[in-house]
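Structural features, examined
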Amino acid sequence: MFQTLTERLSTTLKRVTGKSKLTEDNIRGTLKEVRIALIEADVALSVVKTFINEVRKRAIGSEVKRSLNPGQMFVKIVNDELVNMMGEYNETLNLNTQPPAIILMAGLQGVGKTTTVAKLGLFLKENHKKSVMVVSTDVYRPAAIKQLEMLTNETPLHFFPSSSDQKPVDIASDAIHYAKINHYDTVIIDTAGRLHVDEAMMDEIKVIHKTVNPAETLFIVDAMTGQDAANTAKAFNDALPLTGVILTKADGDARGGAALSVRKITGKPIKFIGVGEKTDALEAFHPERMASRILGMGDILSLIEVAEKAFDKKKTDHLIKKFKKGKSFNFDDFRSQIQQMKKMGNMGNLLDKLPGVGSFGQMAKAAQQHMSDSLFDQMEAIINSMTPKERQEPDVISSSRKRRIAAGSGTQVQDVGRLLKQLKQMSKVMKKVNSKGPMKFMQGFQGMKNMMNGNGNMSAMSSSDKKKKMLS
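Residues numbered from 1 in each chain as written. Predicted model: local features only at pLDDT ≥ 70, side-chain atom pairs only at ≥ 80, totals over all residues. Heavy atoms only, no water.

1. Comments concerning the overall build of the chain
A tally of regular secondary structure across the chain gives 23 helices and eight strands. A separation of at least 24 residues holds for 75% of the contacts in the chain among residues at least 6 apart in sequence. Approximately 22800 Å² of the chain is accessible, and the part contributed by carbon and sulfur atoms is 52%. (Helix = DSSP H or I, 4+ residues; strand = E, 2+ residues; numbered from the N terminus. Contact = heavy atoms within 4.5 Å. Areas by Shrake-Rupley, 256 points an atom, 1.4 Å probe, with all protein chains shown as cover.)

Next up, the structure:
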């Protein structure tokens, strides 16, 4: 995400980071390069102009001149203005209404609206313990209703059936009536999209909006369409009282123009961002964290939250107790770790959150290719082809057993041998963790999270300062 912009800005800002004095000339040159980087990222021109003017105004002011490190202060100003451009802080959904709270989803066809309905429902179910029902009023697109039903079948959400011979407003009314009777907390309504903004679509969604009176009206927009996304969002906002925006397909967007333009053009906050195809690939949008990622400083806080959510505390405690008793790390343990790693989501998205990685696009792509989801699947298939004794006592795996395991998992003997080596390496790591005190290892996540949520605002620090503080 945002690799192109991150690479350009990281290179540009490195030139001023270590400077003990900033002049109007080098500020002018740096801002020219920042402007080019933003335009190439497909940020709306009006937004670029406002951003550059605000940075220039602050950069030639007293806060930089009085700073002990003017170069780092300049980077902080760029960071602050990026945050301001995207909305300053995360704005959550306002569902404080008499149940069921209605969420109306709007957007053009092909932006991932139906998938986002399922993603948002699952997010509310898992993070806010809401009972969620979803319904489709898209009676025009072939299989649109069926698509939502299939997505819902993969989740603990309730799907309200509808058919193409019904009127959209009637479907919405019936769904809400059903939700009230059955005491659902939230109803998410999927609406029809078109290939472009047209009068018929707007009239229909206006009628639905007036009938259901939603607590939230969210515009779904494809991040890959750049500044066009912001312009489309404005057209919808002129017709509907939007309360927020969800950016989809952000994992495929190397530019970032939509994320940097939508808020300024529409005045509406980006509330969520889609980072993958799976139904759990939806994240709350935090402008300060996103600015940090764009500047190549990573997003450790979000990474910690993903890890905390994915890793099973009971399994971790069991592993710690096992090490305390002096037992070895085996393939049952390895499989458990793989399954929990897979819950953390797309590897490329995780790498984007690491400081420094985002500014090295090729390195990130290579690492993602090396540690892809398919590799985890292959590892798990190999382990599943082992007998219980082989999983618990890997030393018994001979050459003939390797051949059998490879044949059973559809892999090569070399793959089985490689996995055995990885197990030995992980076992050594686990022994070191145990010797240092396993609880310190596990408490590190929470300690870092508390520190970054405290008074020290990590997003305002330079990359080197962040690393020093995290390691201290």
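On we go from here.
2. Topic: the packing of helix H8 (residues 168-181) against helix H9 (residues 199-212)
Helix-helix packing is described using two parameters, namely the angle between the two axes and the distance between the axes. Relative orientation of the contacting elements H8 and H9 amounts to 25 degrees, with a least axis distance of 9 Å. Looking at the two axes, H8 sits roughly parallel to H9. Where H8 crosses over H9, the handedness of that crossing is right-handed. Here H8 contributes Pro168, Val169, Ala172, Ser173 and Ile176 to the contact with H9, which in turn contributes Glu204, Val207, Ile208, Thr211 and Val212. Its residues assigned to classes, the contact of H8 with H9 comprises seven nonpolar, two polar and one charged. (Axes fitted to C-alpha atoms, helices over the stretch in contact; angles between N-to-C directions. Parallel < 35°, antiparallel > 145°, perpendicular 65-115°, else oblique. Left-handed = near helix turned anticlockwise from the far one by under 90°. Nonpolar A, V, L, I, M, F, W, Y, C, P; charged D, E, K, R; others polar.)

3. Some remarks on the confidence of the model for the chain
Here the chain averages 77 in pLDDT, and 71% of its residues register 70 or above. Taken together, the stretch residues 355-369 has pLDDT below 50 and engages in 22 contacts with residues farther than four places along the chain or on a different chain. (pLDDT = per-residue confidence, 0-100.)

4. Comments concerning H9
For H9, with 14 residues, the first-to-last C-alpha span of 20 Å sits near the 20 Å given by 1.5 Å per residue. Of the residues making up H9, those classed as buried are Met201, Met202, Glu204, Ile205, Ile208, His209 and Val212. Down the axis of H9, the buried side of the element spans an arc of 165 degrees, and every buried residue falls inside it. Pointing more than 90 degrees away from the buried face of H9 are the exposed residues Glu199 and Lys210. (Expected span 1.5 Å × (residues − 1). Buried < 20%, exposed > 50% of the residue type's maximum accessible area, 1.4 Å probe, protein only. Arc of directions from axis to C-beta.)

5. Notes on the sheet that holds strand S6 (residues 244-248)
Spatial ordering of the open sheet is given by S3-S2-S4-S1-S5-S6-S7-S8, a layout of eight strands whose pairing is mixed. Of all strands in the sheet, those with a lone pairing partner are strand S3 (158-160) and strand S8 (282-284), marking the two edges. When strand polarity is set aside, the average angle formed by the axes of neighbouring strands in this sheet is 25 degrees. When strand S7 (residues 270-274) meets S8, the two strands line up antiparallel, connected through three bridges. Looking at the pairing, isoleucine 273 lines up with glutamate 283 of S8. Docked against the sheet, helix H7 (residues 144-153) engages strand S2 (132-136), S3 and strand S4 (186-190), running at close to 160 degrees with respect to S2. Relative to the sheet, H8 contacts strand S1 (101-106), S2, S3 and S4, its axis offset from that of S2 by approximately 165 degrees. (Pairing = 2+ DSSP bridges.)

6. A word on the packing of aromatic side chains
Evaluated as defined, the whole model comprises five aromatic pairs. Considering the side-chain rings of phenylalanine 160 and tyrosine 178, the 5.5 Å spacing of their centres and the 50 degrees angle between planes classify their relative orientation as tilted. On the criterion of sequence distance, the pair formed by phenylalanine 160 in strand S3 and tyrosine 178 in helix H8 is long-range, its members being 18 residues apart. Overall, phenylalanine 160 belongs to the buried group, its relative accessible area being 13%. Residue classification places tyrosine 178 among the partly exposed residues on the basis of a relative accessible area of 31%. (Phe/Tyr/Trp six-rings, centres within 6.5 Å; stacked < 30°, edge-to-face > 60°.)

7. Some points on the side chain of threonine 186
Among the secondary structure elements, threonine 186 is positioned in strand S4. In contact with threonine 186, other than residues within four places in its own chain, are Leu95, Pro100, Ala101, Ile103, Leu124, Lys130, Ser131, Val132 and Met133.

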